[in-house]
Amino acid sequence: MRKWRRRTGHICQSVCCSENVNLIVLGDYKALSCAGADWFEEGIREKPDAAIVPATGDTPMGLYRELAERHSRGLIDTSQLCIFQLDAYLGLAQDDRRSLFGWMHRVFIEPLGIAESNVVRLAGDVLDPWEACRVYEAAVRAAGGFDLSVLGLGPNGHLGFNEPPSPPDAPTRIVDLTPESIVSNARYWGGEEHVPRHALTCGMDLLLAARRTLLVVSGTHKHEILHRAIEGPQTPAVPASYLQSASHVTVLADQAAWQGR
Ligand code: GLP
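Residues numbered from 1 in each chain as written. Predicted model: local features only at pLDDT ≥ 70, side-chain atom pairs only at ≥ 80, totals over all residues. Heavy atoms only, no water.

1. Section: helix α3 (residues 61-72)
Stage number 1. Taking 1.5 Å per residue as the helical rise, α3 with its twelve residues ought to reach 16 Å, and the 16 Å between its terminal C-alpha atoms agrees with that figure.
Stage number 2. Buried within α3 we find M61, G62, L63, Y64, E66, L67, A68 and R70.
Stage number 3. The first or second residue beyond α3 is G74, which carries a positive phi of 75 degrees. (Helix = DSSP H or I, 4+ residues; strand = E, 2+ residues; numbered from the N terminus. Expected span 1.5 Å × (residues − 1). Buried < 20%, exposed > 50% of the residue type's maximum accessible area, 1.4 Å probe, protein only.)

Given below as C-alpha coordinates:
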(Lines give C-alpha, C1' and ligand atoms only; values in the text may rest on other atoms or scores of the structure.)
Protein backbone atom coordinates (compact mmCIF):
# COMPACT_ATOMS: atom_id res chain seq x y z
CA MET A 1 0.00 0.00 0.00
CA ARG A 2 2.54 2.55 1.10
CA LYS A 3 4.80 1.58 -1.76
CA TRP A 4 2.01 2.08 -4.29
CA ARG A 5 1.20 5.47 -2.90
CA ARG A 6 4.78 6.55 -3.25
CA ARG A 7 5.21 5.20 -6.76
CA THR A 8 2.02 6.44 -8.31
CA GLY A 9 1.61 9.73 -6.54
CA HIS A 10 -2.13 9.07 -6.52
CA ILE A 11 -4.39 8.74 -3.55
CA CYS A 12 -5.14 5.20 -2.61
CA GLN A 13 -7.19 3.87 0.16
CA SER A 14 -7.47 0.34 1.52
CA VAL A 15 -11.20 0.11 2.06
CA CYS A 16 -11.69 -3.26 3.61
CA CYS A 17 -9.55 -6.25 4.23
CA SER A 18 -11.45 -9.46 4.74
CA GLU A 19 -9.49 -12.59 5.45
CA ASN A 20 -9.07 -13.31 1.75
CA VAL A 21 -9.86 -10.14 -0.16
CA ASN A 22 -7.83 -6.98 0.02
CA LEU A 23 -9.71 -4.16 -1.67
CA ILE A 24 -7.75 -1.08 -2.62
CA VAL A 25 -9.43 1.95 -4.11
CA LEU A 26 -7.30 4.22 -6.25
CA GLY A 27 -7.90 7.73 -7.43
CA ASP A 28 -8.15 6.97 -11.11
CA TYR A 29 -7.44 4.48 -13.85
CA LYS A 30 -3.81 5.49 -14.21
CA ALA A 31 -3.15 4.86 -10.52
CA LEU A 32 -5.00 1.55 -10.72
CA SER A 33 -2.83 0.48 -13.65
CA CYS A 34 0.40 1.37 -11.85
CA ALA A 35 -0.72 -0.43 -8.71
CA GLY A 36 -1.62 -3.46 -10.83
CA ALA A 37 1.81 -3.43 -12.44
CA ASP A 38 3.41 -3.23 -8.98
CA TRP A 39 1.37 -6.25 -7.88
CA PHE A 40 2.48 -8.14 -10.97
CA GLU A 41 6.11 -7.15 -10.64
CA GLU A 42 6.18 -8.27 -7.03
CA GLY A 43 4.61 -11.61 -8.00
CA ILE A 44 7.12 -12.42 -10.70
CA ARG A 45 10.04 -11.27 -8.60
CA GLU A 46 8.96 -13.81 -6.01
CA LYS A 47 8.52 -16.50 -8.66
CA PRO A 48 10.33 -15.76 -11.93
CA ASP A 49 8.84 -18.87 -13.59
CA ALA A 50 5.28 -18.08 -12.53
CA ALA A 51 2.31 -19.62 -14.36
CA ILE A 52 0.09 -16.67 -15.23
CA VAL A 53 -3.37 -16.27 -16.68
CA PRO A 54 -4.00 -12.70 -17.93
CA ALA A 55 -7.41 -11.42 -18.99
CA THR A 56 -8.16 -9.43 -22.08
CA GLY A 57 -10.93 -6.78 -21.93
CA ASP A 58 -10.33 -3.05 -21.55
CA THR A 59 -9.58 -2.81 -17.86
CA PRO A 60 -6.14 -4.46 -17.66
CA MET A 61 -4.81 -2.66 -20.75
CA GLY A 62 -3.25 0.20 -18.76
CA LEU A 63 -1.60 -2.32 -16.45
CA TYR A 64 -0.14 -4.20 -19.44
CA ARG A 65 1.12 -0.97 -21.01
CA GLU A 66 2.80 -0.10 -17.74
CA LEU A 67 4.40 -3.57 -17.59
CA ALA A 68 5.55 -3.30 -21.20
CA GLU A 69 7.14 0.00 -20.37
CA ARG A 70 8.96 -1.46 -17.37
CA HIS A 71 10.04 -4.41 -19.50
CA SER A 72 11.43 -2.12 -22.19
CA ARG A 73 13.47 -0.35 -19.51
CA GLY A 74 14.85 -3.70 -18.37
CA LEU A 75 13.13 -3.52 -15.00
CA ILE A 76 11.33 -6.85 -15.17
CA ASP A 77 12.45 -10.26 -16.30
CA THR A 78 9.78 -12.19 -18.18
CA SER A 79 12.00 -14.84 -19.72
CA GLN A 80 10.77 -17.73 -17.59
CA LEU A 81 7.09 -16.86 -17.27
CA CYS A 82 4.50 -19.29 -18.58
CA ILE A 83 1.32 -17.66 -19.90
CA PHE A 84 -2.08 -19.32 -20.20
CA GLN A 85 -4.90 -18.01 -22.33
CA LEU A 86 -7.97 -17.27 -20.22
CA ASP A 87 -10.77 -17.58 -22.75
CA ALA A 88 -11.46 -17.89 -26.47
CA TYR A 89 -14.37 -17.56 -28.84
CA LEU A 90 -15.43 -20.89 -30.25
CA GLY A 91 -14.45 -21.56 -33.85
CA LEU A 92 -12.42 -18.41 -34.50
CA ALA A 93 -9.06 -18.82 -36.20
CA GLN A 94 -6.04 -17.34 -34.44
CA ASP A 95 -5.75 -14.66 -37.11
CA ASP A 96 -9.38 -13.58 -36.88
CA ARG A 97 -9.36 -9.97 -35.67
CA ARG A 98 -11.73 -10.98 -32.85
CA SER A 99 -9.51 -13.80 -31.59
CA LEU A 100 -8.82 -13.32 -27.89
CA PHE A 101 -5.50 -15.10 -28.36
CA GLY A 102 -4.57 -12.48 -30.96
CA TRP A 103 -5.57 -9.74 -28.54
CA MET A 104 -3.53 -11.25 -25.72
CA HIS A 105 -0.63 -11.62 -28.12
CA ARG A 106 -0.71 -7.95 -29.17
CA VAL A 107 -1.02 -6.47 -25.70
CA PHE A 108 0.83 -8.92 -23.48
CA ILE A 109 2.88 -11.68 -25.11
CA GLU A 110 4.69 -9.52 -27.66
CA PRO A 111 5.32 -6.36 -25.63
CA LEU A 112 6.56 -8.42 -22.69
CA GLY A 113 8.83 -10.51 -24.89
CA ILE A 114 7.32 -13.84 -23.83
CA ALA A 115 8.65 -16.80 -25.83
CA GLU A 116 6.01 -18.64 -27.89
CA SER A 117 7.12 -21.88 -26.27
CA ASN A 118 6.01 -20.44 -22.92
CA VAL A 119 2.44 -19.75 -24.04
CA VAL A 120 -0.42 -22.21 -23.60
CA ARG A 121 -3.46 -21.67 -25.78
CA LEU A 122 -7.04 -22.48 -25.04
CA ALA A 123 -7.77 -23.43 -28.61
CA GLY A 124 -11.25 -22.64 -29.84
CA ASP A 125 -10.50 -23.34 -33.50
CA VAL A 126 -9.79 -27.06 -33.42
CA LEU A 127 -11.90 -30.02 -34.51
CA ASP A 128 -12.57 -31.12 -30.94
CA PRO A 129 -12.76 -28.08 -28.64
CA TRP A 130 -13.87 -30.23 -25.69
CA GLU A 131 -10.63 -32.14 -26.02
CA ALA A 132 -8.83 -28.78 -26.18
CA CYS A 133 -10.37 -27.96 -22.78
CA ARG A 134 -9.04 -31.20 -21.30
CA VAL A 135 -5.58 -30.60 -22.81
CA TYR A 136 -5.57 -27.09 -21.34
CA GLU A 137 -6.60 -28.33 -17.90
CA ALA A 138 -3.85 -30.93 -17.98
CA ALA A 139 -1.30 -28.24 -18.89
CA VAL A 140 -2.42 -26.02 -16.00
CA ARG A 141 -2.22 -28.92 -13.58
CA ALA A 142 1.20 -29.93 -14.92
CA ALA A 143 2.37 -26.39 -14.20
CA GLY A 144 1.16 -26.82 -10.62
CA GLY A 145 -1.82 -24.44 -11.08
CA PHE A 146 -1.74 -20.69 -11.61
CA ASP A 147 0.61 -18.58 -9.54
CA LEU A 148 -0.86 -15.28 -10.70
CA SER A 149 -4.21 -14.58 -12.22
CA VAL A 150 -5.12 -11.14 -13.59
CA LEU A 151 -8.86 -10.84 -14.08
CA GLY A 152 -11.42 -8.30 -15.15
CA LEU A 153 -15.00 -8.22 -13.92
CA GLY A 154 -17.74 -8.87 -16.46
CA PRO A 155 -20.77 -6.61 -16.23
CA ASN A 156 -22.78 -9.65 -15.13
CA GLY A 157 -20.12 -10.81 -12.67
CA HIS A 158 -18.39 -13.24 -15.01
CA LEU A 159 -14.72 -14.17 -14.73
CA GLY A 160 -13.14 -15.05 -18.06
CA PHE A 161 -16.26 -16.37 -19.75
CA ASN A 162 -17.62 -18.16 -16.70
CA GLU A 163 -21.08 -16.80 -17.30
CA PRO A 164 -23.72 -16.81 -14.60
CA PRO A 165 -24.72 -19.27 -13.35
CA SER A 166 -21.26 -20.73 -12.72
CA PRO A 167 -20.60 -22.71 -9.55
CA PRO A 168 -17.12 -22.64 -8.00
CA ASP A 169 -16.25 -26.07 -9.36
CA ALA A 170 -17.20 -25.25 -12.96
CA PRO A 171 -14.50 -26.80 -15.17
CA THR A 172 -12.82 -25.48 -18.29
CA ARG A 173 -15.54 -25.79 -20.91
CA ILE A 174 -17.56 -24.45 -23.80
CA VAL A 175 -20.19 -21.91 -22.77
CA ASP A 176 -23.05 -20.02 -24.37
CA LEU A 177 -22.50 -16.30 -24.00
CA THR A 178 -25.27 -14.44 -22.21
CA PRO A 179 -27.04 -11.56 -24.00
CA GLU A 180 -25.35 -9.20 -21.51
CA SER A 181 -21.87 -10.40 -22.49
CA ILE A 182 -22.70 -10.20 -26.18
CA VAL A 183 -23.79 -6.58 -25.74
CA SER A 184 -20.76 -5.67 -23.65
CA ASN A 185 -18.29 -7.34 -26.03
CA ALA A 186 -19.89 -5.69 -29.06
CA ARG A 187 -17.87 -2.54 -28.41
CA TYR A 188 -14.64 -4.35 -29.15
CA TRP A 189 -15.74 -5.67 -32.53
CA GLY A 190 -18.01 -3.01 -33.97
CA GLY A 191 -21.45 -4.41 -33.25
CA GLU A 192 -23.33 -7.24 -31.62
CA GLU A 193 -23.63 -9.12 -34.89
CA HIS A 194 -19.86 -9.65 -34.90
CA VAL A 195 -19.71 -11.22 -31.45
CA PRO A 196 -19.57 -15.02 -31.53
CA ARG A 197 -22.26 -16.73 -29.44
CA HIS A 198 -20.08 -19.41 -27.86
CA ALA A 199 -16.75 -19.43 -26.11
CA LEU A 200 -14.27 -21.58 -24.24
CA THR A 201 -13.31 -20.49 -20.77
CA CYS A 202 -10.78 -21.50 -18.20
CA GLY A 203 -12.90 -23.01 -15.42
CA MET A 204 -13.82 -21.49 -12.09
CA ASP A 205 -12.07 -24.42 -10.40
CA LEU A 206 -8.67 -23.46 -11.82
CA LEU A 207 -9.18 -19.71 -11.35
CA LEU A 208 -10.25 -20.01 -7.73
CA ALA A 209 -7.23 -22.21 -6.98
CA ALA A 210 -4.75 -19.56 -8.17
CA ARG A 211 -2.19 -18.67 -5.52
CA ARG A 212 -2.71 -14.94 -6.07
CA THR A 213 -5.48 -13.19 -7.91
CA LEU A 214 -5.76 -9.61 -9.03
CA LEU A 215 -9.18 -8.30 -10.02
CA VAL A 216 -9.13 -4.91 -11.73
CA VAL A 217 -12.33 -2.89 -11.88
CA SER A 218 -12.78 0.54 -13.40
CA GLY A 219 -15.65 2.88 -14.21
CA THR A 220 -19.06 3.78 -12.83
CA HIS A 221 -20.74 1.09 -14.92
CA LYS A 222 -19.02 -1.55 -12.75
CA HIS A 223 -20.16 -0.01 -9.45
CA GLU A 224 -23.09 -2.26 -8.69
CA ILE A 225 -21.51 -5.51 -9.83
CA LEU A 226 -18.31 -4.73 -7.92
CA HIS A 227 -20.23 -4.40 -4.67
CA ARG A 228 -22.21 -7.55 -5.37
CA ALA A 229 -19.00 -9.43 -6.15
CA ILE A 230 -17.07 -8.53 -3.03
CA GLU A 231 -19.80 -7.84 -0.47
CA GLY A 232 -22.79 -9.83 -1.65
CA PRO A 233 -23.64 -13.47 -1.09
CA GLN A 234 -21.47 -16.02 -2.83
CA THR A 235 -23.66 -17.33 -5.58
CA PRO A 236 -23.43 -18.90 -9.06
CA ALA A 237 -25.46 -15.88 -10.21
CA VAL A 238 -22.35 -13.73 -9.60
CA PRO A 239 -19.39 -16.00 -10.36
CA ALA A 240 -16.88 -13.37 -9.18
CA SER A 241 -18.44 -13.52 -5.69
CA TYR A 242 -16.55 -16.79 -5.16
CA LEU A 243 -13.33 -14.82 -5.05
CA GLN A 244 -14.40 -14.05 -1.48
CA SER A 245 -13.31 -17.57 -0.58
CA ALA A 246 -10.23 -17.80 -2.78
CA SER A 247 -6.83 -17.14 -1.25
CA HIS A 248 -4.81 -13.94 -1.63
CA VAL A 249 -7.19 -11.89 -3.71
CA THR A 250 -6.42 -8.24 -4.37
CA VAL A 251 -9.13 -6.08 -5.84
CA LEU A 252 -8.01 -2.81 -7.37
CA ALA A 253 -10.87 -0.46 -8.10
CA ASP A 254 -10.86 3.17 -9.12
CA GLN A 255 -13.01 5.71 -7.29
CA ALA A 256 -15.52 5.66 -10.11
CA ALA A 257 -16.15 1.95 -9.74
CA TRP A 258 -16.17 2.03 -5.96
CA GLN A 259 -18.34 5.12 -5.47
CA GLY A 260 -20.40 4.93 -8.64
CA ARG A 261 -19.72 8.53 -9.60
C1 GLP B 1 -14.85 -10.01 -21.29
C2 GLP B 1 -13.76 -11.07 -21.05
C3 GLP B 1 -13.28 -11.04 -19.65
C4 GLP B 1 -13.07 -9.61 -19.22
C5 GLP B 1 -14.42 -8.98 -19.06
C6 GLP B 1 -14.39 -7.53 -18.60
O7 GLP B 1 -16.06 -10.57 -21.62
N8 GLP B 1 -14.15 -12.40 -21.41
O9 GLP B 1 -12.08 -11.80 -19.56
O10 GLP B 1 -12.38 -9.58 -18.02
O11 GLP B 1 -15.16 -9.11 -20.23
O12 GLP B 1 -13.98 -6.69 -19.64
P13 GLP B 1 -13.66 -5.15 -19.44
O14 GLP B 1 -12.41 -5.08 -18.67
O15 GLP B 1 -13.49 -4.62 -20.84
O16 GLP B 1 -14.81 -4.55 -18.75
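2. Some thoughts on the pattern of salt bridges
Stage number 1. Enumeration according to the criterion identifies 15 salt bridges in this entry.
Stage number 2. Close ionic contact of R73 with E69 constitutes a salt bridge, the shortest N to O distance being 3.2 Å.
Stage number 3. Overall, the relative accessible area of 52% leaves R73 in the exposed class.
Stage number 4. A residue is classified by how much of its surface remains accessible, and E69, at 36% relative accessible area, is partly exposed.
Stage number 5. D205 serves as the salt-bridge partner of R141, at 3.7 Å between the closest nitrogen and oxygen. Within this pair, whereas R141 is found in helix α5 (residues 129-142), its partner D205 is found in helix α7 (residues 204-208), the two being separated by 64 residues in sequence.
Stage number 6. By relative accessible area, which is 52% here, R141 ends up exposed.
Stage number 7. The class of D205 is partly exposed, set by a relative accessible area of 22%. (Salt bridge = Lys/Arg side-chain N within 4 Å of Asp/Glu carboxyl O.)

3. With respect to empty space enclosed by the protein
Stage number 1. Across all of its chains, the model carries two cavities of 30 Å³ or more by this definition.
Stage number 2. Taken as a whole, the largest cavity spans an internal volume of roughly 60 Å³.
Stage number 3. Lining the largest cavity are Q85, A88, Y89, L92, A93, Q94, S99, L100, F101, R121 and G124.
Stage number 4. Those elements that provide at least two residues to the lining of the largest cavity are β5 (87-89) and α4 (100-109).
Stage number 5. As a volume, the second largest cavity reaches approximately 30 Å³.
Stage number 6. Sorting the residues of the lining of the second largest cavity by element identifies α8 (223-231) and β11 (249-254) as the ones contributing at least two each.
Stage number 7. Grouping the constituent residues of the lining of the second largest cavity by class yields eight nonpolar, one polar and no charged. (1 Å grid on protein atoms, 1.4 Å probe; cavity = no way out; pocket = protein on both sides within 12 Å on 5 of 7 lines; lining within 4 Å. Points joined across faces, edges and corners; volume = space filled by probe spheres on them. Nonpolar A, V, L, I, M, F, W, Y, C, P; charged D, E, K, R; others polar.)

4. Let's talk about the site of the ligand
Stage number 1. As a structural note, the neighbourhood of the ligand is formed by 15 residues, with D58, T59, R187, Y188 and K222 the closest of them.
Stage number 2. Here R187 contributes a side-chain N or O atom positioned 2.7 Å from an oxygen atom of the ligand.
Stage number 3. With respect to the ligand, the side chain of Y188 contributes an N or O atom lying 2.4 Å from an oxygen atom.
Stage number 4. When the ligand is considered free in solution it has 390 Å² of accessible area, and contact with the protein chains removes 97% of it.
Stage number 5. If you map the ligand onto the pockets, it falls in the largest pocket.
Stage number 6. Ranked by the residues each element gives to the shell around the ligand, the list is headed by helix α6 (residues 179-189), at three residues.
Stage number 7. Of the residues that constitute the shell around the ligand, the class distribution is four nonpolar, seven polar and four charged. (Near = heavy atom within 4 Å. Polar contact = N/O pair within 3.5 Å; in protein donor to acceptor, adjacent residues only side chain to side chain. Areas by Shrake-Rupley, 256 points an atom, 1.4 Å probe, with all protein chains shown as cover. Sits in = over half its atoms within 2 Å of the grid points.)

5. Quick notes on the state of the cysteines
Stage number 1. Enumeration according to the criterion identifies zero disulfides in this entry.
Stage number 2. Of the cysteine sulfurs around C133, a residue in no disulfide, the closest is that of C202, at 9.8 Å.
Stage number 3. Of the residues examined, C133 reaches a relative accessible area of 0% and is grouped as buried. (Disulfide = S-S within 2.5 Å.)

6. Topic: the side chain of H227
Stage number 1. Examined against the element boundaries, H227 turns out to sit in helix α8.
Stage number 2. Here the side chain of H227 touches W258 through a polar contact of 2.9 Å, landing on its backbone oxygen.
Stage number 3. Excluding residues that lie within four positions of it along the chain, H227 makes contacts with G232 and W258. (Contact = heavy atoms within 4.5 Å.)

7. As for the sheet that holds strand β9 (residues 198-201)
Stage number 1. Pairing in this open sheet of three strands is antiparallel, and the strands run β5-β9-β8 from one edge to the other. In this open sheet, the two edge strands, each paired with only one partner strand, are β5 and β8 (173-176). Averaged over all neighbouring strand pairs, the angle between strand axes comes to 30 degrees, with direction disregarded.
Stage number 2. Of the strands in this sheet, β8 and β9 are in contact with α5, which crosses β8 at around 125 degrees. (Pairing = 2+ DSSP bridges. Axes fitted to C-alpha atoms, helices over the stretch in contact; angles between N-to-C directions.)

8. A short note on α8
Stage number 1. By the burial criterion, the buried members of α8 are I225, L226, H227, A229 and I230.
Stage number 2. Summarising the contacts, the buried residues of α8 are in contact with β2 (21-26), β10 (212-217), β11 and α9 (255-259).

Nothing here speaks to function; it is geometry throughout.
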